[in-house]
Amino acid sequence: MTAHDLDLRYAQLDLGPREESEFDLTSDSRTVVVSGPCPRCHGTSTTDFPLGVVGSKGMPWKRDKSLTPAERSAVVADEVLYCECGFGHPELPDGALFVGCGAYWRLKPSSGSGT
Ligand SMILES: [Zn+2]
Ligand SMILES: [Zn+2]
């Protein structure tokens, strides 16, 4: 595992789509949690996606059941993840929404055949 690069300056960089397999997806009946190393600073970033919000895409959720891996993937597919490594990188703006290096990326749906 690559060490967390604490010297990286804060920069809002679009890292583009990343393989879902690079991250751990877990869920309970309310939230899907994506965690894994930030592709830029390599700090561990954890992002919660509450199902109440993503459910507004019109997907029906059975709230009393945990999600299948396929459902988890559907929740986070094309969602933007921001680095939330929790370390205040140099030049982190005051009031930044996410404490991290500023990088952001999307999760590629793992089952997609590509376009
Ligand atoms: Zn980062
Ligand atoms: Zn970091």
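In this text, all values refer to a predicted model and were calculated from it rather than measured experimentally.

*Asks:* Tell me about the overall build of the protein chain, and name the residues and values.
*Replies:* Each helix and strand in the protein chain was counted, giving two helices and six strands. Listed N to C, the secondary structure of the protein chain is β-β-β-β-α-α-β-β in terms of helices and strands. Per-residue burial over the protein chain gives 34% buried out of 115 residues. A separation threshold of at least 6 residues defines the contact pool for the protein chain, and within that pool the share at least 24 residues apart is 60%. Carbon and sulfur atoms form 50% of the exposed surface of the protein chain, whose accessible area is close to 6,900 Å².

*Asks:* Lay out the coordination of the zinc ion (ligand 1) with the relevant residues and their values.
*Replies:* Distances from the zinc ion (ligand 1) to its protein donors, Cys38 (SG), Cys41 (SG), Cys83 (SG) and Cys101 (SG), fall within 2.2 to 2.4 Å. Each of the four donor atoms around the zinc ion (ligand 1) contributes to a set of angles spanning 106 to 115 degrees, which defines the coordination as tetrahedral. Spacing between the donor residues of the zinc ion (ligand 1) along their common chain follows C-x2-C-x41-C-x17-C. Separating the zinc ion (ligand 1) and the zinc ion (ligand 2) is a distance of 3.8 Å, and Cys41 donates to both of them. Of this pair, Cys41 sits in the loop between strand E3 (31-37) and strand E4 (44-50) while Cys101 sits in the loop between strand E5 (80-82) and strand E6 (104-108), placing them 60 residues apart in sequence.

*Asks:* Quick one: what's the story with the coordination of the zinc ion (ligand 2), residue by residue and with numbers?
*Replies:* Looking at the metal site, the zinc ion (ligand 2) is ligated by His4 (NE2), Cys41 (SG), Cys85 (SG) and His89 (NE2), spaced 2.1 to 2.3 Å from it. Considering all four donor atoms around the zinc ion (ligand 2), angles at the metal cover 101 to 117 degrees and the coordination shape is tetrahedral. Between the donor residues of the zinc ion (ligand 2), the gaps in sequence give the motif H-x36-C-x43-C-x3-H. According to the relative accessible area criterion, Cys41 is buried, its value standing at 0%.

*Asks:* So, the sheet that holds strand E2 (residues 24-27): which residues are in play, and what are the values?
*Replies:* The three strands lie next to each other as E2-E3-E4, forming an open sheet whose pairing is antiparallel. Of all the strands in the sheet, just E2 and E4 have a single pairing partner and so form its edges. For this sheet, the mean angle separating the axes of adjacent strands, direction not counted, is 20 degrees. In the sheet, E3 pairs with E4 via seven bridges, with the strands oriented antiparallel. The partner of Val32 across the bridge, within E4, is Phe49.

*Asks:* Help me get a handle on helix H2 (residues 69-76), residues and values and all.
*Replies:* Regarding H2, the residues found buried are Arg72, Ser73, Val75 and Val76. The arc enclosing the buried residues of H2, seen along the axis, measures out at 160 degrees, which places them on a common side. Positive backbone phi, at 70 degrees, marks Asp78, one or two positions downstream of H2.

About the cut-offs
Residues numbered from 1 in each chain as written. Chains lettered and ligands numbered in written order. Predicted model: local features only at pLDDT ≥ 70, side-chain atom pairs only at ≥ 80, totals over all residues. Heavy atoms only, no water. Helix = DSSP H or I, 4+ residues; strand = E, 2+ residues; numbered from the N terminus. Buried < 20%, exposed > 50% of the residue type's maximum accessible area, 1.4 Å probe, protein only. Contact = heavy atoms within 4.5 Å. Areas by Shrake-Rupley, 256 points an atom, 1.4 Å probe, with all protein chains shown as cover. Donors = N, O, S within 2.8 Å, 3.2 Å for Na, K, Ca; no water. Tetrahedral: all angles 85-135°; square planar, octahedral: opposite > 155°, others 65-115°. Pairing = 2+ DSSP bridges. Axes fitted to C-alpha atoms, helices over the stretch in contact; angles between N-to-C directions. Arc of directions from axis to C-beta.

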